[in-house]
Each structure stands twice: as structure tokens, then as C-alpha cells.
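Below are the chains, spelled out letter by letter.
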Amino acid sequence: MNIKKRIKKHFMINVLKSSSRKHPFSIEAADSYVLKDGVGANMTDSHYFSGHASEGTSFFFRHAKRSDQTTEIWFCLKTSDGKVLCNKEELYPSSSCPADVRCAISGEEMSFAFYGQAAYAHRGDNDILSLNKNGLNIRAKATFIASMPPFDFSTGLNPAFVAGALAEEKWNKTFWRNLKQNRQVHYEQPGIIKLEATIENQTYTYVLPAMRDHSYGYRDWNYMNRHIWLMVLFEDGEVLNLNMVDYPHMRNLMTGYISSTGNHTSLCSLTNLKKLGQDGIVPQQIEIEIPLMDNHVATLIGNRELVADFSFADGKYHICEGVGNYAIGEKKGRGILEFGYNRDTSRWK
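About the thresholds
- Residues numbered from 1 in each chain as written.
- Predicted model: local features only at pLDDT ≥ 70, side-chain atom pairs only at ≥ 80, totals over all residues.
- Heavy atoms only, no water.
- Core = buried A, V, L, I, M, F, W, Y, C linked by side-chain atoms within 4.5 Å.
- Buried < 20%, exposed > 50% of the residue type's maximum accessible area, 1.4 Å probe, protein only.
- Helix = DSSP H or I, 4+ residues; strand = E, 2+ residues; numbered from the N terminus.
- Axes fitted to C-alpha atoms, helices over the stretch in contact; angles between N-to-C directions.
- Parallel < 35°, antiparallel > 145°, perpendicular 65-115°, else oblique.
- Left-handed = near helix turned anticlockwise from the far one by under 90°.
- Contact = heavy atoms within 4.5 Å.
- Salt bridge = Lys/Arg side-chain N within 4 Å of Asp/Glu carboxyl O.
- Pairing = 2+ DSSP bridges.

Colleague: Explanation requested: the nonpolar core in the structure shown.
Modeller: As a rule of thumb, nonpolar side chains are buried together in soluble globular proteins. Core analysis: the biggest nonpolar cluster contains 42 residues, and Phe-60 and Leu-129 have the highest contact counts within it. Among the elements that make up this core, the one with the highest residue count is helix α4 (residues 159-167) (five residues). The next biggest cluster of nonpolar side chains, apart from the first, holds 28 residues, and it includes Leu-85, Leu-136, Ala-142 and Leu-195.

Structure (C-alpha cells):
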């Protein structure tokens, strides 16, 4: 990094630190946030929950209310015998959405439910799911119970990660406008999901190591070029998150953290975003180098099992939600391999 970029990075670190001091994170305010209708275009309030057990069961659920009075729903359950069940519709009028999310105790307990149509799925090319035509009714309710404090990206992340990415860009009026506009509150939290699902008059109960993600604010999906989100729930209780985003105003943002025994430590991948998922799908296997606390470099290996393809902004952006296994040496885990791509491949290829 040349002198000019170092000066820009130093300036931006001070800006980010000042913003964190002026706007401290409040879990009570964040968990009680509810998006109101008519607050402006491209506003979203998104709750996401994901649980994975070592014996092969995986589950994820998303409830994202938009300011245009529609709500996005994901419900996907993979059982240990390999069966996969997903909801048939992704977008509902908010007034008739068959799912909800509620905060029971701020920072400690959330409840969510889905009462709608789903179908069994099979894997096709690149393990992408296709739903069977025959639908079935599902009644599912779940509780998320936190096991660690939340990690807020605005105040908990090492500001050098964001500042370094911003310093690489050309600072002009368009840059500052986009930086100001594309802002969200975003936090994540490890815990346990207790899920009860009634499928074809049979009731099943699952208790899964899990995490939740809550973000709200401005989100224009077509503005994004691409992104990667990797989430690992290790068998020993550690949680690892790596985020890589390509925005027009910030082409190579790489952030992340590792959580253990209630403590969060910022880190970021040493493997560049541009080296991963270059063909527009979730790779069958990924290898990511990450720094450890003892100054050693470890290799995180992820292998996909299945991929659910979700469409946004009338198909202009796709999130490929992969589920699979992870390992760092002998350390094993399961989790999410999420790869998002703009339909305009010239923006990221």
C-alpha cells in the first residue's frame, strides 16, 4: 500500500472509530426493531437462523420483511438420512405471510414459526435443489436460545479491515454517496435452535447448534456485484464467520470473526475473494487460509452437500445457499457456504 492509500486508511480508521463511539450498539434496540411500511425503497428487516448437527442434520430459515409490503421466506431442512425439504414459495404479501419472528428476551431468546407449503427436493447439477411438484403442509415452530453475546459488525469488527478496503477505492462524490446510502445494522449470535416440525401428520423434534443473523436498513440487491458468507459451527463449540463482499464502491471487503467461550475475535480471510467461486456457483470444495491467534496460518476446507438458489430483484441477483461440511485439520464442523452473484457477470468476472 502506497503512502496515499496509507493516509486514506488511517483517516478512515479514525472515522469508523468515531462513528462507533457516537453510535454504540444496543441489543435491546436492535432486537426490538420492526420495519414499518412506507419508509422508503429498498429497506429490509431480515432475520436468519441456521442450525447444524455433526450427524448431518442441517436447517436454515429466513424471514425478511421489505418496505414494499412483501416478505421473503426461506425454510430448508435436511435430515440425517439425506432428505431435504424446502418451502415452495419465497415471496409473500406481508399481510398474509405464513411465518413470523418474535423477540422473547433481548439478546437471549427468539421464537420463529412457519405454517405453509413445502416440498421434498432432489439434487441436480452442482448439487442445486429442485423441488418436487407435490406440496405438503408444514407446521414448524422454533426457539433460538443464545449461548454467547451478539457480535455487531459496526462496533465489534477491527476497523482496519473496512478502512483498508475503502482506501483502495477512488474517493469522489459517487463514492461518498454510495458509502452513506448502503448502510445497515448487522449482528450475529451463536446459540441453540430447538425446532419442532409437523410433516404429513408426523412430528419431529431437533436440537441443533446454531447461529442467528439480524440485519436491517438499506439493501439494494442489484447494487451488489457478488458476495461470499461462510459460517462454521465446529463440534467443539467454536463459531467462525467469514464475509467477502464486492460492492461498486468497495470491491474487496473481507471481514470475519471467531467466537469461543463467549468471546469474539476479529479476523479475515487471507485468501482473496476473487479466487473463490469464479464460475458463478458454490464450489464443490473451497480452501481458505485464515490467521490464528498464535500467528500461525490455518487452512479451512469446506465441502458442499446441497445448494438452494434464491432469486432477488426480479432475478438480477442470486444467493446460492450452500450447506456442507468444514474442517481445519482434525477439527470438524458443519455450516453454510453462501455465494451471491449479480446476473450481470461482467460486474464480477
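Colleague: Mind showing me how you'd approach the packing of helix α1 (residues 3-22) against α4 here?
Modeller: Helices that pack against each other are described as a pair by the angle of their axes relative to one another and the distance between those axes. Relative to each other, α1 and α4 sit at 135°, their axes nearing to 8 Å. Taken as axis vectors, α1 and α4 run oblique relative to one another. The handedness of the crossing between α1 and α4 is right-handed. Within the contact between the two elements, α1 uses Lys-5, Lys-8, Lys-9, Met-12, Ile-13, Leu-16 and Lys-17 and α4 uses Pro-159, Ala-160, Val-162, Ala-163, Gly-164, Leu-166 and Ala-167.

Colleague: What is the right way to look at the pattern of salt bridges in this model?
Modeller: Between side chains of opposite charge, pairing is possible as soon as their charged atoms come close. The full count for this structure, using the stated rule, is eleven salt bridges. For Asp-31, the salt bridge is made with Arg-212, and the minimal N-O distance between the two is 3.0 Å. You can see Asp-31 sitting in helix α2 (residues 27-31) and its partner Arg-212 sitting in strand β12 (residues 202-218), a full 181 residues away along the chain. When sorted by exposure, Asp-31 lands in the same class as Arg-212, which is buried. Residues Arg-66 and Glu-72 are paired through a salt bridge, measuring 2.4 Å at the closest nitrogen-oxygen approach. The class for Arg-66 is buried, based on a relative accessible area of 18%. Within this structure, Arg-62, Arg-66 and Glu-72 form a network of salt bridges that share partners.

Colleague: Got a minute to help me understand unusual backbone geometry in this structure?
Modeller: Outside of glycine, negative phi angles account for most residues, and trans bonds account for most peptide bonds. Despite not being glycine, Asp-127 shows a phi value in the positive range, around 65°. By the secondary structure assignment, Asp-127 is in the loop between β7 (109-123) and β8 (129-131). Positive phi, close to 55°, is recorded for Asp-314, a residue that is not glycine. Mapped onto the elements, Asp-314 comes out in the loop between β18 (297-312) and β19 (317-328). Take Asp-314: its relative accessible area is 76%, and that puts it in the exposed class.

Colleague: How should I be thinking about the sheet that holds strand β20 (residues 331-342) in this particular structure?
Modeller: Two pairing modes exist for strands in a sheet, parallel and antiparallel, and in both the strands are linked by backbone hydrogen bonds. In spatial order, the strands read β16-β15-β14-β13-β20-β19-β18-β17; together these eight strands make up an open sheet with antiparallel pairing. The strands lining the two open edges of the sheet, one partner per strand, are β16 (263-266) and β17 (285-291). The average angle at which neighbouring strand axes cross in this sheet is 20°, direction not considered. Where β19 and β20 come together, twelve bridges link them in antiparallel fashion. Its bridge partner being in β20, Val-323 is matched across the sheet by Ile-336. Each of β15 (250-260) and β16 is contacted by α4, which is oriented at about 170° to β15, the strand it contacts most.

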